[in-house]
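# Coordinates in review
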Amino acid sequence: MKNVLVRYGELTLKGGNRRQFITKLIQNIKFRMKPYNDKVELIKDNNSCMIKVEDDYLDRLLADLQTVFGIYSLSVVETTSWDFEEITKKVLAMAIESAKEAKTFKLEVKRKDKAYPMTSTEMKQKLAPVVLQNTDLKVDVHNPDLKIEVVVKKDHVDIFHSRIKALKGLPVGVSGRGLSLLSGGIDSPVASFLTMKRGMSVDFVHFMTPPHTSPEALNKVFALAKQVAKYNYQTFNLYVVDFGKMLQELNHIPNQTYKITIMRRMFMRIANRIAKRDHQQALITGESLGQVASQTIESMSVINETSKLPILRPVLTNDKEDIIKISKRINTYDISILPFDDVCSMFVPENPVTKPRPWIAEEQEEAIMWEPILDWTVENEVKKFVFHEGEFVEDTNWSKEIEKEEQNPEQATE
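None of these values were measured; they are calculated from a predicted model.

## Quick notes on the overall build of the protein
Within the protein, the regular secondary structure consists of 16 helices and 16 strands. In terms of overall dimensions, the protein has C-alpha extents of about 85 × 45 × 40 Å along its principal axes. The proportion of buried residues among the 414 residues of the protein is 50%. Long-range contacts, defined here as pairs at least 24 residues apart, represent 78% of the contacts in the protein between residues at least 6 apart. Carbon and sulfur atoms provide 49% of the accessible area of the protein, an area that totals close to 20,900 Å². Mean positive and mean negative side-chain charge positions of the protein (57 and 58 charges, respectively) differ by 7 Å.

## Focus on helix α8 (residues 259–278)
If you check α8, its first and last C-alpha atoms are 29 Å apart, about what 20 residues at 1.5 Å a residue would give, namely 28 Å. The element α8 is extensively covered by neighbouring structure, given that 18 of its 20 residues are classed as buried. Positive backbone phi, at 70°, marks histidine 279, one or two positions downstream of α8.

## Remarks on the UniProt feature "binding site: ATP" (unreviewed entry) in the protein
Here the UniProt feature "binding site: ATP" (unreviewed entry) sits at Leu181, Leu182, His206, Phe207, Arg264, Gly286 and Gln295. Take glycine 286: it is sitting in the loop between β13 (282–284) and α9 (297–304). With a relative accessible area of 10%, glycine 286 lands in the buried category. For glycine 286, the residues in contact, after removing those within four places along its chain, are Asp187, Ser188, Ala191 and Val315. Within the secondary structure, glutamine 295 sits in the loop between β13 and α9. With residues up to four places along the chain from it excluded, the contact list for glutamine 295 reads Glu287, Ser288, Leu289, Gly290 and Met300.

## Examining the pattern of salt bridges
With the rule as written, the count across this model stands at 17 salt bridges. Among the ionic pairs, lysine 90 bridges to glutamate 78, the shortest N-O distance being 3.4 Å. Of the two residues, lysine 90 sits in helix α3 (residues 84–98) while glutamate 78 sits in strand β4 (residues 73–80), which places them twelve residues apart along the sequence. Judged by relative accessible area, which is 29%, lysine 90 ranks as partly exposed. Accessibility expressed as a relative area gives 32% for glutamate 78, which makes it partly exposed. Two residues, aspartate 203 and arginine 177, come together in a salt bridge whose shortest N-O distance is 2.5 Å. Here aspartate 203, found in strand β11 (residues 201–208), pairs with arginine 177, found in strand β10 (residues 177–181); they are 26 residues apart in sequence, far enough to count as distant. The network of salt bridges with shared partners includes Arg265, Arg269, Glu305 and Glu365.

## Section: the pairing of strand β12 (residues 236–242)
Burial of β12 is extensive: seven of the seven residues sit out of reach of the surface. Burial of the side chains of β12 extends over both faces: Phe236, Leu238, Val240 and Asp242 are buried on one face and Asn237, Tyr239 and Val241 on the other. Inspection of the sheet shows β11 paired to β12 by five bridges, in the parallel sense. When the sheet's bridge partners are listed, methionine 208 is paired in β12 with aspartate 242. In the classification by handedness, the crossover that spans β11, the intervening helix α6 (residues 215–228) and the parallel β12 is right-handed. Of the strand pairs in this sheet, β12 and strand β15 (residues 382–388) are connected by six bridges, and their pairing is antiparallel. Across the sheet, the residue bridging to asparagine 237 is valine 386, located in β15.

## A word on empty space enclosed by the protein
Empty pockets left among the atoms are what a rolling probe the size of a water molecule brings to light. Tallied over the full model, the rule gives one cavity of 30 Å³ or more. In this structure, the largest cavity occupies an estimated 60 Å³ of space. Lining the largest cavity, in full, are Asn28, Phe31, Arg32, Thr67, Val68, Phe69, Val172, Tyr231, Asn232 and Gln234. The residue makeup of the lining of the largest cavity includes at least three contributed by each of domain 1 (2–165) and domain 2 (177–407).

## Digging into the domain arrangement of the protein
Along its sequence, the protein is carved into domain 1 (2–165) and domain 2 (177–407). Computed from C-alpha atoms alone, the centre-to-centre distance between domain 1 and domain 2 is 43 Å. Interface area for domain 1 against domain 2, summed over the two sides, is near 790 Å², with a carbon-plus-sulfur share of 53%. Three residues, Phe31, Thr67 and Phe69, lead the burial of domain 1 against domain 2; their summed loss comes to 60% of the area buried on that side.

## Comments concerning the packing of aromatic side chains
According to the stated counting rule, one finds 14 aromatic pairs in the structure shown. Relative to phenylalanine 243, the ring of phenylalanine 207 lies with its centre 5.8 Å away and its plane at 80°, an arrangement referred to as edge-to-face. Within this pair, whereas phenylalanine 207 is found in strand β11, its partner phenylalanine 243 is found in the loop between β12 and α7 (244–250), the two being separated by 36 residues in sequence. Each member of the pair, phenylalanine 207 as well as phenylalanine 243, is classed as buried. When the centroid spacing of 5.1 Å and the interplanar angle of 85° are considered together, the rings of phenylalanine 222 and phenylalanine 385 count as edge-to-face. Here phenylalanine 222, found in helix α6, pairs with phenylalanine 385, found in strand β15; they are 163 residues apart in sequence, far enough to count as distant. Residues phenylalanine 222 and phenylalanine 385 agree in their burial class; the two are buried. The lysine or arginine in question, arginine 269, covers the ring of tryptophan 370, its NZ or CZ lying 4.1 Å from the ring centre. Sitting over the face of the ring of tyrosine 333, lysine 328 holds its NZ or CZ atom 4.9 Å from the ring centroid.

## Brief notes about the sheet that holds β15
With mixed pairing, seven strands are arranged side by side in an open sheet as β14-β13-β10-β11-β12-β15-β16. In this open sheet, the two strands that pair with only one neighbour each are β14 (311–312) and β16 (391–394). Pairing analysis gives four bridges linking β15 to β16, with the strands arranged antiparallel. Bridge pairing in β16 links phenylalanine 385 to glutamate 394. Set on the sheet, helix α5 (residues 187–197) makes contact with β10, β11, β13 and β14; between it and β11 the angle comes to about 160°. The sheet strands contacting α8 are β10, β11, β12, β13, β14 and β15, and the helix crosses β10 at an angle near 150°.

Here is what the cut-offs are and how they apply
- Residues numbered from 1 in each chain as written.
- Predicted model: local features only at pLDDT ≥ 70, side-chain atom pairs only at ≥ 80, totals over all residues.
- Heavy atoms only, no water.
- Helix = DSSP H or I, 4+ residues; strand = E, 2+ residues; numbered from the N terminus.
- Buried < 20%, exposed > 50% of the residue type's maximum accessible area, 1.4 Å probe, protein only.
- Contact = heavy atoms within 4.5 Å.
- Areas by Shrake-Rupley, 256 points an atom, 1.4 Å probe, with all protein chains shown as cover.
- Lys, Arg positive; Asp, Glu negative; His and termini not counted.
- Charge placed at Lys NZ, Arg CZ, Asp CG, Glu CD.
- Expected span 1.5 Å × (residues − 1).
- UniProt positions renumbered as here; feature names shortened; annotations may be inferred.
- Salt bridge = Lys/Arg side-chain N within 4 Å of Asp/Glu carboxyl O.
- Pairing = 2+ DSSP bridges.
- Right-handed = clockwise from strand over helix to strand, strands pointing away.
- 1 Å grid on protein atoms, 1.4 Å probe; cavity = no way out; pocket = protein on both sides within 12 Å on 5 of 7 lines; lining within 4 Å.
- Points joined across faces, edges and corners; volume = space filled by probe spheres on them.
- Domains from an automatic or database assignment.
- Buried area = accessible area lost by both parts, 1.4 Å probe.
- Phe/Tyr/Trp six-rings, centres within 6.5 Å; stacked < 30°, edge-to-face > 60°.
- Lys NZ or Arg CZ within 6 Å of the ring centre and 35° of its normal.
- Axes fitted to C-alpha atoms, helices over the stretch in contact; angles between N-to-C directions.

Next comes the structure, spelled out in structure tokens:
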């Protein structure tokens, strides 16, 4: 069996909420461990936890744990009793094994339990000469090839030589639920990922306009949601909205330079309706300030007016290069650049307004019959898919619940 030490990092600073945050992190870790059945065992501690795993599953477990927000770092550790002779043997064995690739080393000792009979300095003074005498390693306290750490705890000692960086952030689920407008491009999956990093579980909504948008474009959206699923909460939802009737009506606004602005205002209204029904507390978009015409501060302000929920824009200040870098790291980039257009990219007017005015946007909406079409769209053109055990399954009860709400609006409100 191998031992993997999981450090919590930021969670240890959460004061009175610390227990709640750590409990959620442990739940998320256990969820990631479900496929291992009896191959792993988790032991909780105050500022960390230890996972015992069979040797053959070590690499796979480390990869899975690196997708869990809230984990600061990981180490594969050797554990031993307080017996100093045992500690010496473990340190020397680790040094001999690592000496095949390293030339210099540094030894660090930390006593978390001060009851141990030797001080940290005394332990180093006894351990370091053993390594020097039995290997070709030389001491380098500033930039060593190998750093061996010895941590004395209450009932055992941990010994390790590397710290694997993890995602950090907060455990998904401690910051409520958000609804991300997933377009199929590069930005929105990255925005969703960054929102998860701050502890919010994320559901998705996608707007399609068949036959103008192809089935392949919709498949791309499902693939993107599935790719970021490993960072998300245990289960989540993807709502697919047929925006076709509304798009036809938008062709009748008098000032076509406002088409994208009005389209996004409709997106927000529909997303608010969905969020109200399924209890999401915020909307999430991949907008980056100044990147395109609909992402100027004036455009965002006019679009914001239609949302009762806060709109989170995690990539607001990132340039495209930054966003692409993150998308490649989370493996969404290659999916996002597949040549299947979304509704926004297909219907951008030739000269979209970059500084829309709210009263002009309202005038455009007054010229069309958007309200009954929006009601129709929410009631009849939204499909809900639940991601469970690695696959999306349509929730056919979603449409039935909407019908029930329409028949009993007072009961639904209660």
